[in-house]
Amino acid sequence: AFFYPDVQTSLLEHLIVDTYGAYWSGFSFAITPCSHYVSGNQTLGRETAAQWLRVAFHDFVTARVEEGTGGMDASLGFETLREEDSGTAFNDSLTFFRPFVNSKVSMADLIAISVSISVGNCGGPQIAARGGRIDATEAGQFGVPAPETDLETTLGYFANAGFNRVDSIALTACGHTLGSVHHGGFPTVVGPEAVSATNTAGGIHFDSTVDLFDPSVVNEYLDGTGNQGGPLVTSFNASSRSDLRLYESDSNATMVTLANQGAGFLNTCKGLLQRMVEVVPKNVKLSDVISPLQVKPVNATLDFDDSGNLVFKGYIRILSSTSSAPSVLTLTTSTSPKPLVLIPESAPGSSVFGVTHFFPFSTPIKPASSFQSFTINGKSLAPHTFPVEASAFVIPSLSSVKSGASTTVDFTVATLSSKGVFKRSALKPSVSVSAPVPQMGTLGPAILGFKDVAVTNVGEKMGYLLWRGSVDVGVLATGNVTVEVISGGVAVDTLLLG
Ligand code: HEM
């Protein structure tokens, strides 16, 4: 399949942009509306968007930036039994993220992106998202502040992760604009009187706008109005007033500055939260910022149709800031001068970035050797040309995942035979298969990789040699299996099966 600008960016962009309606990723529904709790009954008084933000904080804050270890690496998955990681947020969230993990999308990237999505969906700023984080294979350091942690230790923990006092106060206020402290989980902070029939976990909100990413927590703390900064300020138990100790530690100077910023508080949070999710181990190289794509080929693949013809098919997704998208597109491939006219499907999708329209297409390709690019044109749309690599591909209609007690991945790969001359041995493709499998001690899957899977030639079609292979990947966690054709060390084609 063809992914633009690359597999990882395309998949992460999908989670961010395909929010509601057509071809939605299923990621954002968990936090729609922002007050929604996806992992259980609404009467628990929990909020998934707030949980996601807290999860990211706990993964990040045990970093040792000076050593270049820890940070956003999903090591949290191995740490959920620790006292410092109390509460249901961690397993709730990792269970929700788990099916989205594959060899291109790590759990750590999902935790980071969930911050952009939850903050953006709850009325907050758009936090730039990047990919490329690598999941830890074991637990990391200790060092998450708890309500009873003394000030010096708390500031030490933040400093380990590269955040000074001012940053730490502001970041905590940014985090505590969403969500609650719950009696169930933190009985030494919130007493049993918070429990009611519609709030069975006994949550008390940090501010009076629990589902709005806004400056209320700062104003209410300083003015003594609303929730007065929340339970970590007002707890019956003085030793549990960690937010009060932190906010007062510079005589409230930082909180006053944040209050004076007004709506600018959101911008401060945008910067700090982006910094937070970009604290990664030193071996990680983050991708460029993932921007919503205006013109995006989706599920674009080469395949063989029932009559054995080579076809190029998929969708073109147009993202427009208004609901008016071009009503017609044309697609021209390098193999045919005649443009194909594309009409959108009736159901659009939507997100905070605008409305998406999906234009399905299917067109024969002949000869495959001259298929090098395709171009999309539309009214008031700059022409977009996408390069293609058609020398080898995993054939979607001849590849599948069969799940039973064990999981078998059957695939067929096509390799272009040069000028019709069969060089069977020379053209034998190198195929890699990667599968997310359960991992001891964490809900985060491990990626089990199979390199150079044995393939046998099973004939020829439209100038391509066909190669079939099969791998038993054992018990699959959840999520997608990737099959890749490798040439010169790089993947020339990737297909996700799931
Ligand atoms: C001194 C630092 C901090 C301490 C001691 C602390 C402690 C806590 C505690 C005890 C809760 C209650 C959890 C529950 O009952 O489910 C909580 C909730 C929360 N924290 Fe913090 N926190 C700190 C800093 C931060 C930071 C820096 C962020 C994010 C940037 C953050 C984000 C959140 C969020 C979003 C919630 C609400 C979770 C929910 O409603 O499920 N916290 N925090």
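See above for the structure.
Residues numbered from 1 in each chain as written. Predicted model: local features only at pLDDT ≥ 70, side-chain atom pairs only at ≥ 80, totals over all residues. Heavy atoms only, no water.

A few points about the coordination of the iron atom of the ligand
Think of it this way: four donors in a tetrahedron around the metal ideally sit 109.5 degrees apart, and six in an octahedron ideally sit 90 or 180 degrees apart.
Okay, so step 1: Among protein atoms, the single one acting as a donor to the iron atom of the ligand is His176 (NE2), 2.1 Å away.
Okay, so step 2: Within the secondary structure, His176 is located in the loop between α6 (165–175) and β2 (180–182). (Donors = N, O, S within 2.8 Å, 3.2 Å for Na, K, Ca; no water. Helix = DSSP H or I, 4+ residues; strand = E, 2+ residues; numbered from the N terminus.)

Regarding the site of the ligand
Okay, so step 1: Taken together, 24 residues lie around the ligand, and Ala50, His176, Gly179, Ser180 and His182 are the ones closest in.
Okay, so step 2: At 2.9 Å from an oxygen atom of the ligand is found a main-chain nitrogen or oxygen belonging to Ser180.
Okay, so step 3: A distance of 2.7 Å separates an oxygen atom of the ligand from a polar atom in the backbone of His182.
Okay, so step 4: Mapped by element, the contributors of at least two residues to the shell around the ligand are α2 (48–60), α5 (151–160), α6 and β2.
Okay, so step 5: At five residues, α2 tops the list of elements feeding residues into the shell around the ligand.
Okay, so step 6: Within the shell around the ligand, the residues separate by chemical class into 14 nonpolar, nine polar and one charged. (Near = heavy atom within 4 Å. Polar contact = N/O pair within 3.5 Å; in protein donor to acceptor, adjacent residues only side chain to side chain. Nonpolar A, V, L, I, M, F, W, Y, C, P; charged D, E, K, R; others polar.)

Observations concerning the state of the cysteines
Okay, so step 1: Applying the stated rule across the entire model yields two disulfides.
Okay, so step 2: Covalently, Cys34 is tied to Cys122 through a disulfide, its sulfur atoms 2.0 Å apart. Disulfide Cys34-Cys122: the torsion about the S-S bond is 95°, which places it as right-handed. In this pair, Cys34 sits in the loop between β1 (20–21) and α2 while Cys122 sits in the loop between α4 (107–121) and α5, placing the two residues 88 residues apart along the sequence. Neither residue differs from the other here; Cys34 and Cys122 are each classed as buried.
Okay, so step 3: Here Cys174 pairs with Cys269 through a disulfide, and the sulfurs are 2.1 Å apart. Classification of the bridge connecting Cys174 and Cys269 rests on its S-S torsion, roughly -90°, and on that basis the disulfide is left-handed. With Cys174 in helix α6 and Cys269 in helix α11 (residues 264–277), this residue pair connects regions lying 95 residues apart in the sequence. (Disulfide = S-S within 2.5 Å. Buried < 20%, exposed > 50% of the residue type's maximum accessible area, 1.4 Å probe, protein only.)

Some details on the packing of aromatic side chains
Okay, so step 1: Tallied over the full model, the rule gives 28 aromatic pairs.
Okay, so step 2: For the pair Phe27 and Phe96, a centre-to-centre distance of 5.8 Å together with 65° between the ring planes defines the contact as edge-to-face. Remark: Phe96 occurs in helix α3 (residues 89–97) and Phe27 occurs in the loop between β1 and α2; sequence separation between them is 69 residues.
Okay, so step 3: Residue Phe96 is classed as buried on the basis of its relative accessible area of 13%.
Okay, so step 4: Each residue in the set Phe2, Tyr4, Phe312, Phe361, Phe371, Phe374 and Phe386 is aromatic and connected to the rest through ring pairs, giving one cluster.
Okay, so step 5: Seen from the ring of Phe142, Arg82 lies directly overhead, with NZ or CZ sitting 3.6 Å from the centre.
Okay, so step 6: Directly above the ring of Phe163 sits Arg275, whose terminal nitrogen or CZ lies 4.0 Å from the centroid. (Phe/Tyr/Trp six-rings, centres within 6.5 Å; stacked < 30°, edge-to-face > 60°. Lys NZ or Arg CZ within 6 Å of the ring centre and 35° of its normal.)

Here we look at the pairing of strand β6 (residues 329–333)
Okay, so step 1: Because side chains alternate across β6, one face comprises the buried residues Leu329, Leu331 and Thr333, and the other comprises Thr330 and Thr332, none of which is buried.
Okay, so step 2: The sheet contact formed by β6 and strand β7 (residues 340–342) spans three bridges and is antiparallel. Bridge assignment links Leu329 to a residue of β7, and that residue is Leu342.
Okay, so step 3: Hairpin connection between β6 and β7: a loop of six residues separates the two successive antiparallel strands.
Okay, so step 4: Relative to strand β10 (residues 373–378), β6 runs antiparallel, the two being bridged by five bridges. Within β10, the residue paired with Leu329 across the bridge is Gly378. (Pairing = 2+ DSSP bridges.)

Some words on the sheet that holds β7
Okay, so step 1: The sheet built from four strands is open, its strands ordered β7-β6-β10-β11 with antiparallel pairing. Sheet topology places β7 and β11 (381–387) at the edges, where each strand pairs with a single neighbour. The average angle at which neighbouring strand axes cross in this sheet is 20°, direction not considered.
Okay, so step 2: Sheet topology note: the β10/β11 ladder contains five bridges and is antiparallel. Note on β11: the bridge partner recorded for Ile376 is His384. (Axes fitted to C-alpha atoms, helices over the stretch in contact; angles between N-to-C directions.)

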